[in-house]
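Letter by letter, the chains look like this.
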Amino acid sequence: MSETRRQFLLQLAEAAAYGAALAGLPACKRAGGPGQGAPASSDGALVWHKGVCRFCGTGCGVLVGVERGRVVGVQGDVKNPVNRGLLCVKGYATPLILYGADRLTVPQVRHRKGGPLVRASWDEALDLVAHQINEALAAAGPGAIGLYLSGQSTIPEGYAALKWMKAGLSSNNLEANARLCMASAVSGHMTTFGSDEPAGCYEDLDEADVLVLWGANMAEMHPVLWSRITDRKARQPFVKVVDIAVRRTRTTEQADLFLPILPQGDLALANAVAHCLVRDGKIDRAFLAAHVAFKAGRTGLGYGLEDRFSFKDEPRPITFEEYAAFLADYAPDKVAALAGVAPAQIEELARLYGDPHTRVVSLWTMGVNQHTRGTWMNNLLHNLHLLTGKIGRPGCTSLSLTGQPSACGTVREVGVACNRLPADMVTDNPEHVKKAAEIWRVPADKIPTTPGYDAIEMFRALDRGDLRFLWIQCTNPMQSLPNAKRYREAMSKPGRFIVVSDVYPTETTRLADVVLPSAMWVEKEGYYGNTERRTQHWHKMVEPPGEARTDLWQIVEVARRTGCAHLFDFPETRDKGISLEQALYEEYRRFTLGTGKDVASHEELVATRGLRWPVVRGRETRRRYVEGEDPYVQPGEGIRFYKNTKEDGRAIIWARPYEPPPEVPDRDYPFWLCTGRVLEHWHTGSLTRRVPQLHRAVPRAFVEIHPEDAEALGIADGARTRLVSRRGSIVLTASVSGRSVPRRGLVFVPFFDEAVLVNLLTLDATCPISREPDYKKCAVRLERA
């Protein structure tokens, strides 16, 4: 066992002991059966409740220990099939995210732009918010207001925001931070299968012979799923892991094959693998004939760097022969230099995909999605499974992993986006709008059909002054947006009114006109949806601190003040005593029934550890599109991609070429910059940096440099180093031969540290189809500070 692996396991063990110690329990002790969210006993005894972890999109089940009105411990839920009792270091430390010393507990307002935040009553703050919305509507119409949510928002919160904005205020300017991480996966699924979200499930990790990781450092970003893979690999040594990445990480240590690609080289590599499969006849011709169509789209798309950028693809059908001819330019020896991978390694990867007796799962996260051709890369990975027929069978699937706990459930499934409605419906489809109007009991013309601003364009519109009011909930865009200097300055310009709902002071609350204190996690009832389509529910377990209130309560209160109270008038909340969260969830569920995206009922979720949609007659679906598993596939059909109605139930293989990134290293800026996360911290660190154990483990951001590059520059490990791009500069500590090592010519910086804003350097180029920005590729230089 390597030293790094040993340290990783020790860290997990320490975190497990710490989580149990919070409750005064020995680390090995298991709680009994969880309650269903009933309050703690009157004598203050410890009570365990069923819940869902607050971090990443894995959807780990937790048992939350509550004593005297406080969360005092957390354990992995052994009855939850997602994590089987295991949590990662962040999961075990979750209780402490609730109790930071600087928790926001009262509303605050500024009486002038740039003035101090002062305490206000809820009525004063909400009246001011509603007044600013009404003023913006009167002066410039619905296009002047925006609402920006999060993949951490619960399903009822996201659905309430969607209903209020689109049926109440007639604005499509509703977005979420999942645009920054999952939009390319959405557009990839939609263009390939006609429906969003993965077809497979976590059980496929237990069945695969080969797991190919494309730009996914699972050991740190999805450690519970990674432990599932490494445990199986230890028990069944024939299992192989392929790591395709621009840096060596903890994931690489357990890989059997490491392909150190160049930035943007994944496009060339994926097409080269497809070339080998077709060249060698390692394709499933019967599957292709029955279930696949071929298409090509526009090329030379641009990079979304201009304000008001717009793009519309122009798909056209092609034949298999045309597709094979397209692949001719991607022979391994022709593209090895573009990909950064030796031809022999490309051939080896192709053999793994092409062996008819080898079950393959492809996994990816931000390395593929945060990409100026992110939609294309998602298409190309689906291509490899469609070409070989390795989809819809145990251990054979293309599985996009999710980074936030409900980026799937709240954003993608509910439709918290500028052109979407629930269950894959869109606002420019009259039939979809008609259905929404019927469920919401509003005239169809109340719902706008023109798409609003996507996330990047929303903040550009704020900068231009086209957007006058913006409400941000449960996210920290002034630290997480690329090219952050422009958008930070936009927040402070006159004529813009910014409301932020959050739990701690952040870079975003510092620039807000109104700050509203929010309830978090188990301080409210909620529903999340995870990577494998599993919807899970938890009851409220403790009260939020001070005057903090749920984001849902805040939305409804402002909706009432803007003439939209009727949208949230549910008689059952009065007559039957059910919660508003449940009423909203059940109304949202009506959109999904009969569509192939049928989510489980509230009662079904309460009685289980979640269910994977489509759920029909109480039965969940492990694998979509498969006869005998998916209730929408009829007997005798075998596999049918039934959501792709325009293609008669066929999936699409796309001819998507290599195209270069918009900014590449040159003499003045000779290094690539790649950004991302570390195991101990999550996103902008607003929660994890308030956990002492996590903060001590990694207190500051750093820049990883290859040892040979560091030697050439005269930069020693631990030295203060300046990074400079065309947009800004930062100073931080060098990490040479540390936990991870980038390839030569590339440096890596995590973005959790608010004291070192790496997004002052990054470029706000996007995928023109998904409009997701590329955080993995821009040019910088390094200087000794």
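Residues numbered from 1 in each chain as written. Predicted model: local features only at pLDDT ≥ 70, side-chain atom pairs only at ≥ 80, totals over all residues. Heavy atoms only, no water.

So, helix 19 (residues 455-464)
Selection criterion: Per-residue accessibility, obtained with a 1.4 Å probe over protein chains only, is compared with the maximum for each type, and a residue is labelled buried under 20%, exposed over 50%, and partly exposed between these values. By definition, any uninterrupted DSSP run of H or I lasting at least four residues is a helix, any uninterrupted run of E lasting at least two residues is a strand, and each is numbered from the N terminus. Identification of polar contacts relies on pairs of N or O atoms within 3.5 Å, with a donor-acceptor requirement for protein atoms, meaning one able to donate a hydrogen and the other able to accept it, and with residues adjacent in sequence counted only if both atoms are side-chain atoms.
Among the ten residues of helix 19, nine are classified as buried, and the element is accordingly described as predominantly covered. If you check which residues of helix 19 are buried, you get Ala-455, Ile-456, Glu-457, Met-458, Phe-459, Arg-460, Ala-461, Leu-462 and Asp-463. With a side-chain oxygen positioned 3.2 Å from the backbone nitrogen of Ile-456, the residue opening helix 19 is Asp-454. The positive-phi residue at the C-terminal boundary of helix 19 is Gly-465, with phi of around 95°.

Comments concerning the pairing of strand 1 (residues 47-52)
This is how the line gets drawn: Two strands are said to pair when DSSP picks up at least two bridges between them.
Buried residues dominate strand 1, accounting for six of its six residues. Of the two faces of strand 1, the one carrying Val-47, His-49 and Gly-51 and the one carrying Trp-48, Lys-50 and Val-52 are both buried. Where strand 1 and strand 2 (residues 61-67) come together, six bridges link them in antiparallel fashion. If you follow Gly-51 over to strand 2, its bridge partner there is Val-62.

Observations concerning the side chain of Asp-209
Test applied: The contact criterion used throughout is that any non-hydrogen atoms of two residues lie within 4.5 Å.
Assignment of secondary structure puts Asp-209 in the loop between helix 6 (203-207) and strand 8 (210-214). A distance of 2.8 Å separates a polar atom in the side chain of Asp-209 from the backbone nitrogen of Arg-359. Not counting the four nearest positions on each side in its chain, Asp-209 is found in contact with Phe-238, Val-239, Lys-240, His-357, Thr-358 and Arg-359.

Focus on the pattern of salt bridges
Definition in use: By definition here, a salt bridge exists when the distance from a side-chain nitrogen of Lys or Arg to a carboxyl oxygen of Asp or Glu is within 4 Å.
For the coordinates displayed, the defined rule picks out 67 salt bridges. In this structure, the salt-bridge partner of Arg-359 is Asp-209, at a minimum N-O distance of 3.0 Å. With Arg-359 in the loop between helix 14 (343-354) and strand 14 (360-364) and Asp-209 in the loop between helix 6 and strand 8, this pair connects stretches of sequence that are 150 residues apart. Its relative accessible area of 27% is what places Arg-359 among the partly exposed residues. The partner of Asp-307 in a salt bridge is Arg-464, and the shortest N-O contact between them spans 3.0 Å.

Focus on the packing of helix 10 (residues 265-279) against helix 13 (residues 332-339)
Rules: To obtain an axis, a line is fitted to C-alpha atoms, over the contacting stretch when the element is a helix, and the angle between two such axes runs from 0 to 180 degrees between their N-to-C directions. For this classification, under 35 degrees means roughly parallel, over 145 means roughly antiparallel, 65 to 115 means roughly perpendicular, and everything else is oblique. Definitions for this section: a left-handed crossing has its near helix turned counterclockwise from the far helix by less than a right angle. A right-handed crossing has that turn clockwise. Gly is placed with the polar residues, together with every amino acid not listed as nonpolar (Ala, Val, Leu, Ile, Met, Phe, Trp, Tyr, Cys and Pro) or charged (Asp, Glu, Lys and Arg).
Direction vectors running N to C along helix 10 and helix 13 enclose 160°, while the axes themselves pass 8 Å from each other. If you check the angle between helix 10 and helix 13, you find them roughly antiparallel. As for how helix 10 packs across helix 13, the hand of that crossing is left-handed. Here helix 10 contributes Gly-265, Ala-268, Leu-269, Ala-272, His-275, Cys-276 and Arg-279 to the contact with helix 13, which in turn contributes Pro-332, Val-335, Leu-338 and Ala-339. Looking at the contact of helix 10 with helix 13 residue by residue, the classes come out as eight nonpolar, two polar and one charged.

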